[in-house]
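Now for the letters of each chain:
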Amino acid sequence: MNRLSELMIARRDLLKGGGALLVTMNVPAAALLGLSKAEARAVARKLNPAALDTWLAIDGNGIVTGYWGKMDMGQGVDTAIAQLIAEELDVAVNKVNIVFGDTALCADQGGASGSSGVQRSGVAFQAAAAEARLVLLEKASAELEVQIADLYVTDGVIYAKSHRAKSVSYGKLIGNKLFDAPITWNGKYGNRLSLEGRATPKDPRDYKIVGTSVRRRDIAGKIFATTDFLHHVTVPGMLHGRMIRPSAAGARVRSVDRSSVKDIPGVQVVVENDFVGVVAPKEWDAIKAARALKVEWDESGAGFPTNSDDLFNWIRSTEPAMSTVEHDEGNVDEGIAGAARMITAEYEWPFQSHARMAPAAGVADVRDDHAVVWTDSQKPYDTARGAALLLESPLLQGRTRRRSRHVRGIWMPGPGSYGRSDAGDGAMDAVILSDAVGAPVRVQWTRSEGHAWDPKGPASVVTCRAGLDARGNVIAYHYHIKGFSRHDVNSREDDPSEVLAGHLLGHTSTPAWAMRSPNDSYKFRHKRYSWDALAPLRQQASPLRTSHFRDPYGAEVHYAAESFVDEMAFAAGTDPLAFRLRHVTDPRDAAVLAAAARSAGWETRSAPRKKRGADGNYVGTGIAYARRNGAVNAVVAEVEVNANSGRVWVRRMWVGADYGLIVNPFTLDRTIEGNLLQATSRTLFEEVKFNHKMVESDDWLSYPILEASDAPEEIKITHINRPELGPRGAGEPTTRVTPPAIANAFFDATGVRMRRVPFTPERVKAALTAI
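Treat the numbers as computed from the prediction; the structure is a model and nothing was measured.

Undergrad: Talk me through the overall build of the chain; I want residue IDs and the actual numbers.
TA: The number of helices and strands found in the chain is 19 helices and 29 strands. What you see for the chain is a C-alpha radius of gyration of 28 Å, in line with the 28 Å of a compact globule of 771 residues. A principal-axis box enclosing the C-alpha atoms of the chain has dimensions of 80 × 80 × 50 Å. A total of 771 residues make up the chain; the buried ones form 63% of that total. Of the roughly 28,000 Å² of accessible surface on the chain, a fraction of 49% belongs to carbon and sulfur atoms. Between the averaged position of the 94 positive side-chain charges in the chain and that of its 91 negative side-chain charges there is a distance of 2 Å.

Have a look at this one:
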């Protein structure tokens, strides 16, 4: 997939003879797709989710193609989708190709978000493939003149049970032709899109392919450097673009001296309000021009009302924009007031950067009546919609101001993606520059832009309090989080108000107030979960604008919640595992806790054990659990703490995991491990530093992440397979249980509770000097 052509990416053989899939938008197909007239006619019908042909095709050789409206961000989800299709169609998985991430070829299933790739879109493809199998059986029944009940399928060939000599292959039956059959669609695009046919998908007991560790399809290309990444895209006539950013957040353009770059060959300067960029035929000339261009900035009113040193006090003292109680059982205030003992604790979580391995890039080719955007955003459908609206903006002064265009979004692999990163912002920069100069433009951000200007994971302060009776039982529990919204800009770059380029043009940012509460099944007599959402530190064009970061608010919320569950357990004189098992009400939750503890060889304790290893380092274990999108996980972490250096090493991790139906065990394990490693990095290393003017953490030295030497030496995962539940999303859930497991292990090792992330050597040493 993703082989480059002159203008577009051709990713399938166009069906001949009986026609082709319904794959294009309502635009001139030849112009949009870069195809010949004959080819354009073959793909001239509009995508229709209620048509089976939108989802599946079979060629004359029996090769199946699935058109998937999401994309794989490096977790092997496309392989799992191929397994689900192969299972229902009774074909070998190597005969199933998956085309994805192209708005002209695939219906919008929401892009990569919400750990929904297998959980939702996979289930939709199960329904589509089961329906396709039924349609094929009906055609074979007529072809072979036997009843459907007398037919069975082996590796894409339909046989008659009563007369095995009677057979017909999928390729011969429908190859290069349309199914021309409907499928029921719920009328919703995005993650919620679901399909239902007349056919019932297989019983999990009959699975032969689902549940096996089929090799991922992307690994070889990445290892042997044959994969085309977004950063490799070139198109004829392409120019190179660079952005010029101010040194103070929110500074406005006062003047631009275009003559300052007049000696650089072919350079063009693009100024749209506070959007400033340069374009040149050669990339190095664009880089030189970006450095040389003289821009005078007006810094009055720029910057932030606080800095990272005083951030948490600012959060505590600032009035919220919105307050919500999400769960209120009993009467928490009365319960705590009448308690024999009350405990309280606060926990702090900083802004964090997506810190992708390479900063944003994007390629755009804006023409008079259409445009194409190549992007590694998780949501190319929204990128295309946002680009179309941006090009219609009355604030844009480009060559074809406010002209309506159809925009095609084409996804390409990028340098990692963990939510609403800088990917969409880079694409929108390319769109504006291409429109301004009338040629395709490739934009590449710098490392400092990628760290400093990407959307951030929100900062917060959590306050927990609990009341215990005279016998040490917890009778009341209140969890309250106060911080910045995870929707300062939304998770989809589908509107100019949601992207940095739109802000610079003058579109007003429209924050929404969204936080999160713990997801668990703990039962207490009185229980309340509440939150306060704060307005952003600055509303427009802010390098501290907040949005979705992997498991949005999951890590922040459960770091505090599960740390405090440990604190309640110790206050009650109870082992943390036993305390959890006593209070969870869902058997699935209890099962993962027991599985993780059993695998780790959990040792009962009612106080921190403060063990020392042979080298003198503190050693401890901690446990945490949480639910997310139908998945349930528990993690036990073992840490070593060096009191002299302040280094915390998460040496081993044990996971109890319940993801419903397991489609591909190998890929699931790697996905869980990826969550654990990134969440460990966020717990131990990652924090955005900023002063009153600008973000200071703008490279790998000022924003360190976990390195190979910091990775655990062992991760052991115990699965609880529940096929009857169907698949549950795995892309994010173990993120939220990792920080508290590490924090609880640190307490078990040292007797000190770390209440601020990250656990840097300086903070660790300062904490340990107090004991």
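Now that the structure has been shown, the text picks up again.
Undergrad: Lay out helix H15 (residues 576–583) with the relevant residues and their values.
TA: Looking at H15, one finds that the buried residues are Pro-576, Leu-577, Phe-579, Arg-580 and His-583. Projected down its long axis, H15 shows its buried positions confined to an angular sector of 160 degrees, all on one face. Here the buried face of H15 lies against strand S23 (474–484), helix H14 (554–571), helix H16 (587–600), strand S26 (618–628) and helix H18 (738–750). For H15, the N-terminal capping position is held by Asp-575, with its side-chain oxygen 3.1 Å away from the main-chain nitrogen of Leu-577.

Undergrad: Residues and numbers for the pairing of strand S29 (residues 714–719), please.
TA: Relative to S29, strand S28 (residues 648–658) runs parallel, the two being bridged by six bridges. For Gly-656, the partnering residue across the bridge sits in S29 and is Thr-718. Crossover handedness for the path S28 to helix H17 (residues 665–684) to S29: right-handed.

Undergrad: Could you give an account of the packing of helix H3 (residues 77–89) against helix H4 (residues 117–144), with specific residues and numbers?
TA: Running from N to C, H3 and H4 cross one another at 30 degrees; their axes reach a closest spacing of 8 Å. It follows that H3 is roughly parallel to H4 by the angle criterion. The element H3 and its partner H4 pack so that their crossing is right-handed. Facing H3, whose interface residues are Val-77, Ala-80, Ile-81, Leu-84, Ile-85, Glu-88 and Leu-89, H4 presents Gly-117, Val-118, Ser-121, Gly-122, Phe-125, Gln-126, Ala-129, Ala-130, Ala-132, Arg-133 and Leu-136. Here the residues of the contact of H3 with H4 sort into 12 nonpolar, four polar and two charged.

Undergrad: Describe empty space enclosed by the protein, with residues and values.
TA: With the rule as written, the count across this model stands at two cavities of 30 Å³ or more. The space that makes up the largest cavity amounts to roughly 70 Å³. The wall of the largest cavity is formed by Asp-376, Ser-377, Gln-378, Lys-379, Ser-417, Gly-419, Arg-420, Ser-421, Ala-423, Gly-424, Ser-491 and Glu-493. In terms of residue class, the lining of the largest cavity is made up of one nonpolar, seven polar and four charged. Its boundaries defined by the atoms lining it, the second largest cavity holds a volume of some 40 Å³. Residue lining of the second largest cavity: Ile-244, Arg-245, Pro-246, Asp-274, Phe-275, Val-276, Trp-297, Trp-453 and Leu-504, and that is the complete set. Partitioned by chemical class, the residues of the lining of the second largest cavity number seven nonpolar, no polar and two charged.

Undergrad: I'd like a description of the sheet that holds strand S25 (residues 611–612), backed by residues and values.
TA: The strand order across the open sheet formed by five strands is S25-S26-S27-S28-S29, and the pairing between neighbours is mixed. Of all the strands in the sheet, just S25 and S29 have a single pairing partner and so form its edges. Both S26 and strand S27 (residues 631–641) contribute to a ladder of 11 bridges, which runs antiparallel. What sits directly across from Val-619, in S27, is Glu-640.

Undergrad: Describe in detail the packing of aromatic side chains, supporting the description with residues and values.
TA: Applying the stated criterion across every chain yields a total of 21 aromatic pairs. Residues Trp-68 and Phe-100 carry aromatic rings whose centres are separated by 5.4 Å and whose planes lie at 70 degrees to one another, so their mutual orientation is edge-to-face. Separated by 32 residues along the polypeptide, Trp-68 in strand S2 (residues 64–68) and Phe-100 in strand S3 (residues 96–100) bring together distant segments of the chain. The same class applies to Trp-68 and to Phe-100, which are both buried. Taken together through their ring pairs, the aromatic side chains of Tyr-477, Tyr-479, Tyr-522, Phe-524, Tyr-529, Phe-564, Phe-579 and Tyr-625 make up a single cluster. Across from the ring centre of Trp-453, 5.9 Å away, lies the NZ or CZ of Arg-245, which sits over that ring.

Undergrad: How would you summarise the nonpolar core if you had to cite specific residues and measurements?
TA: Of all hydrophobic cores here, the largest spans 81 residues; its most connected members are Tyr-477, Tyr-479, Phe-564, Met-568 and Phe-759. Both domains that meet at this core, namely domain 3 (311–354 + 455–534) and domain 5 (570–769), each give it at least three residues. Non-local contacts of Phe-759, meaning those with residues more than four positions away in its chain, are made with Tyr-559, Val-648, Thr-683, Leu-684, Ile-742, Ala-743, Met-754 and Val-764.

Procedures and definitions
Residues numbered from 1 in each chain as written. Predicted model: local features only at pLDDT ≥ 70, side-chain atom pairs only at ≥ 80, totals over all residues. Heavy atoms only, no water. Helix = DSSP H or I, 4+ residues; strand = E, 2+ residues; numbered from the N terminus. Rg over C-alpha atoms; globule rule 2.2 N^0.38 Å. Buried < 20%, exposed > 50% of the residue type's maximum accessible area, 1.4 Å probe, protein only. Areas by Shrake-Rupley, 256 points an atom, 1.4 Å probe, with all protein chains shown as cover. Lys, Arg positive; Asp, Glu negative; His and termini not counted. Charge placed at Lys NZ, Arg CZ, Asp CG, Glu CD. Arc of directions from axis to C-beta. Contact = heavy atoms within 4.5 Å. Polar contact = N/O pair within 3.5 Å; in protein donor to acceptor, adjacent residues only side chain to side chain. Pairing = 2+ DSSP bridges. Right-handed = clockwise from strand over helix to strand, strands pointing away. Axes fitted to C-alpha atoms, helices over the stretch in contact; angles between N-to-C directions. Parallel < 35°, antiparallel > 145°, perpendicular 65-115°, else oblique. Left-handed = near helix turned anticlockwise from the far one by under 90°. Nonpolar A, V, L, I, M, F, W, Y, C, P; charged D, E, K, R; others polar. 1 Å grid on protein atoms, 1.4 Å probe; cavity = no way out; pocket = protein on both sides within 12 Å on 5 of 7 lines; lining within 4 Å. Points joined across faces, edges and corners; volume = space filled by probe spheres on them. Phe/Tyr/Trp six-rings, centres within 6.5 Å; stacked < 30°, edge-to-face > 60°. Lys NZ or Arg CZ within 6 Å of the ring centre and 35° of its normal. Core = buried A, V, L, I, M, F, W, Y, C linked by side-chain atoms within 4.5 Å. Domains from an automatic or database assignment.

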